[in-house]
Amino acid sequence: MYLCKLKFFIISGSEEPEKILRSAALPEDCEIEVVSMKELDESKLTSLDHAVISDGDPAVLAKAASAEGVKSVLLAEGNELKKFPSDELDHADDIFAMPDGARYDSAILTAHFRRLINTMKNEADFRKEKVYFETAIDSIPDLVWFKDSIGSHLIVNDSFCKLVEKTKEQIYKRGHYYIWDIPQEEYEKGEYVCLESEDIVVEARKTCIFDEKIKTKNGMRQFKTYKSPLIDLDGSIFGTCGIAHDVTDLHNMNNELDVIIESMPYAVIVSDNNDVILNVNKEFNLMFGSHEDLTGMTLNDWIGKYISGKVKKIPGKNEIQMNRGDEIRTISYIRKSISDIFGEAIGGMGIFHDITVERQNEQRTIKSANTDFLTQLNNRRSLFNYLEKMRYVPQLTFISVDLDNFKQVNDIYGHHMGDEALLIVSRMMKESFSGDFIARLGGDEFLIVISRKIKIEEIREQVSDFQSKLKSEYTKFTEFSKLTTSIGIASFTLTECGKYDFDNILRCSDSALYDAKNGGKDQFCVYE
């Protein structure tokens, strides 16, 4: 990832905001520049990655809003915010609401700055990744496109536009017959268009290769197309993508093999029916680090000399993981037969594509979908996925945790202090129940799942120790002086249950929690 450089303009009469901002921890590949001034100079706002932080003066934000893409933030105490006109507050992208009398509270302001930095860093990364993607596909000489589930084109590359003689704006959300200037009646009857291939790809749920004829303004063209389904994290298909190489004039594939594989943006190896290597492209040598002419070597010889010990097959997928220096790359591959113009098999082609970034993005997306945003604990969705794997463990213990008097903290000191209280209890649970599954169910409700054999006496001791440490931590804050926890414990074994009913175990732990609440709070109860 490129280094992200963020610039902050602090409009304040105090040095404290700059001092606190400079002390904030930065994400990886990120630098910040901080400029303090008493009045905003709009001419300094020259980048998308700039932010203006106004200390108590919302009028400054209107000036900042005139600069495209610049973040505008208001720092003010709670009572101040009530006095500002709403139309001035509308210019703020974010408001750092501070407790009255604690305008520059270091912990709270640091958390605000850290969130702002992360937000700006993520937006900058997303913007650059979009540029990476668009630049990459426009650099490909083959036709590249992405369609939605009903066949409308959403993204195409420059090569696609050049062939159909239309702009990307004209192509957006339009169908095949419009893009290729074919009457709809002719399109629906024609055998030279991709009527069935999209359905085949969706049904196969994998990359498929087709020979397709397309009618263009300059006559019929023959394409070798690679089409793949776009599969969401939940398994649903929301569209297709494709790459098409014009092979109209390449009927003799053997003679023109170099031209074809060198034009492909993937690593390609071609072999004959005896697995003797006929050709590889430059992308292949870059990917696998070959430093000699592989022509004439068998596939087994190549694997033994260059690949053995460096590659691990990923079960159930056409993917491998390969050690490259100090990093591990994930590579997808397909193996297809090559036929001559008479349909006879003359060899095979292996196509390799580095999908390391895609897999990393998938993992980040999956983690985000299963993680509570504030506390970074597991969420309800993650809980249900986890429990499905715990159906046959010998013992299962649910510990329901609820903060006492939490609403008073939010009502009196504001939600930012409530968030701080939740962060503290989350941290203490991680320390006290290290290795166990911890989830935030919502609000101030938490659940700890212990999926190992453990005596009830040990659970009591562990819970009691947690409550004691948490109370000690909360006493450091005057705002949390009345915060305690009520806890309910329910433990079952597979032997006594026969089959776990997760909903029932949760009801039991909740019932014990309510007993603790009704018994005066600040205690734990065990469901009998």
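Above this note sits the structure.
The present account deals with the structure reproduced in this document.

Read across the open sheet, the 5 strands follow the order β18-β19-β17-β20-β21; overall the sheet is mixed. This sheet does not close on itself; its edge strands, each paired only once, are β18 (437-442) and β21 (523-526). Shown here is a sheet whose adjacent strand axes are inclined to one another by a mean of 20 degrees, direction ignored.

On the surface, F133, L154, I155 and Y172 cluster together to form a nonpolar patch covering roughly 330 Å² of accessible area. Looking at the secondary structure, you find L154 in strand β7 (residues 153-156).

Bringing the side chain of S509 into the picture now. Looking at the secondary structure, you find S509 in helix α20 (residues 502-518). Non-local contacts of S509, meaning those with residues more than four positions away in its chain, are made with F398, S400, L447, G488, I489 and A490.

With that settled, consider the packing of aromatic side chains. All chains considered together, the criterion is met by 14 aromatic pairs. On the basis of an interplanar angle of 40 degrees and a centroid distance of 5.1 Å, the ring pair of F477 and F480 is categorised as tilted. Classification of F480 as buried rests on a relative accessible area of 1%. Every member of this aromatic cluster is reached through a ring pair, and the members are F284, F288, W302, Y333 and F352. The cationic tip of K166 hangs over the ring face of Y178; the distance from NZ or CZ to the ring centre is 5.3 Å. A cation over a ring is seen here: R174 above Y178, with NZ or CZ 3.6 Å from the ring centre.

This paragraph deals with the sheet that holds strand β5 (residues 94-98). Pairing within the open sheet is parallel, and its 5 strands lie in the order β2-β1-β3-β4-β5. At either end of the open sheet lies a strand with only one pairing partner, and these are β2 (30-37) and β5. Taking each pair of neighbouring strands and ignoring which way they run, the sheet shows an average axis angle of 20 degrees. Bridging between strand β1 (residues 4-11) and strand β3 (residues 50-55) involves 5 bridges; their strand directions are parallel. Counterpart to F9 in the pairing with β3 is V52. The strands that helix α1 (residues 16-23) touches are β1, β2 and β3; relative to β2, the one it contacts most, it runs at about 175 degrees. Across the face of the sheet, helix α5 (residues 106-138) comes into contact with β1, β2, β3, β4 (71-77) and β5 while running at roughly 170 degrees to β5.

In globular proteins that are soluble, nonpolar side chains generally tend to be buried together. Within the largest apolar cluster, 51 residues are counted, with the highest numbers of intra-cluster contacts made by F8, I399, M429, F466 and Y474. Filtering out sequence-adjacent residues up to four positions away, F466 remains in contact with V401, V425, M428, M429, S432, F433 and I487. Counting residues in hydrophobic clusters, the runner-up holds 18 residues, among them L383, L396, L441 and Y500.

Judged by relative accessible area, S509 falls into the buried class, the value being 0%. Along the sequence, S509 and P85 sit 424 residues apart, while their C-alpha atoms lie 48 Å from each other. A polar contact is formed between the side chain of S509 and the side chain of S400, at a distance of 2.7 Å.

Right, let's talk about the pairing of β1 for a bit. Consecutive residues of a regular strand have side chains that alternate between opposite faces of the sheet. Among the 8 residues that make up β1, 6 are buried, leaving the element largely enclosed by the rest of the structure. Two elements, β1 and β2, share 8 bridges in a ladder whose sense is parallel. Within β2, the position partnered with L6 by the bridge is I32. Note on the crossover from β1 through α1 to β2: the handedness is right-handed.

Another point: the pairing of β4. Counting buried positions along β4 gives 7 out of 7 residues, so the element sits mostly inside the fold. A two-sided burial pattern is seen for β4, the buried positions comprising K71, V73, L75 and E77 on one face and S72, L74 and A76 on the other. Pairing geometry for β3 and β4, over 5 bridges, is parallel. Along β4, the bridge assignment pairs I53 with V73. After leaving β3, the chain enters helix α2 (residues 59-65) and then returns to the sheet as β4, a path that is right-handed. Inspection of the sheet shows β4 paired to β5 by 5 bridges, in the parallel sense. Following the sheet pairing, E77 is matched in β5 by M98.

Below, the discussion takes up the packing of helix α16 (residues 406-413) against helix α17 (residues 415-432). Packing of α16 against α17 leaves a shortest axis separation of 6 Å and a crossing angle of 145 degrees. Residues F406, V409, N410 and Y413 of α16 lie in contact with α17, whose contacting residues are H415, H416, M417, G418, A421 and L422.

Here is what the cut-offs are and how they apply
- Residues numbered from 1 in each chain as written.
- Predicted model: local features only at pLDDT ≥ 70, side-chain atom pairs only at ≥ 80, totals over all residues.
- Heavy atoms only, no water.
- Pairing = 2+ DSSP bridges.
- Helix = DSSP H or I, 4+ residues; strand = E, 2+ residues; numbered from the N terminus.
- Axes fitted to C-alpha atoms, helices over the stretch in contact; angles between N-to-C directions.
- Patch = residues over 30% accessible without salt bridge, like charges linked within 9 Å, V, L, I, M, F, W, Y side chains within 5 Å.
- Areas by Shrake-Rupley, 256 points an atom, 1.4 Å probe, with all protein chains shown as cover.
- Salt bridge = Lys/Arg side-chain N within 4 Å of Asp/Glu carboxyl O.
- Contact = heavy atoms within 4.5 Å.
- Phe/Tyr/Trp six-rings, centres within 6.5 Å; stacked < 30°, edge-to-face > 60°.
- Buried < 20%, exposed > 50% of the residue type's maximum accessible area, 1.4 Å probe, protein only.
- Lys NZ or Arg CZ within 6 Å of the ring centre and 35° of its normal.
- Core = buried A, V, L, I, M, F, W, Y, C linked by side-chain atoms within 4.5 Å.
- Polar contact = N/O pair within 3.5 Å; in protein donor to acceptor, adjacent residues only side chain to side chain.
- Right-handed = clockwise from strand over helix to strand, strands pointing away.

The values reported here are purely geometric and, on their own, carry no functional implication.
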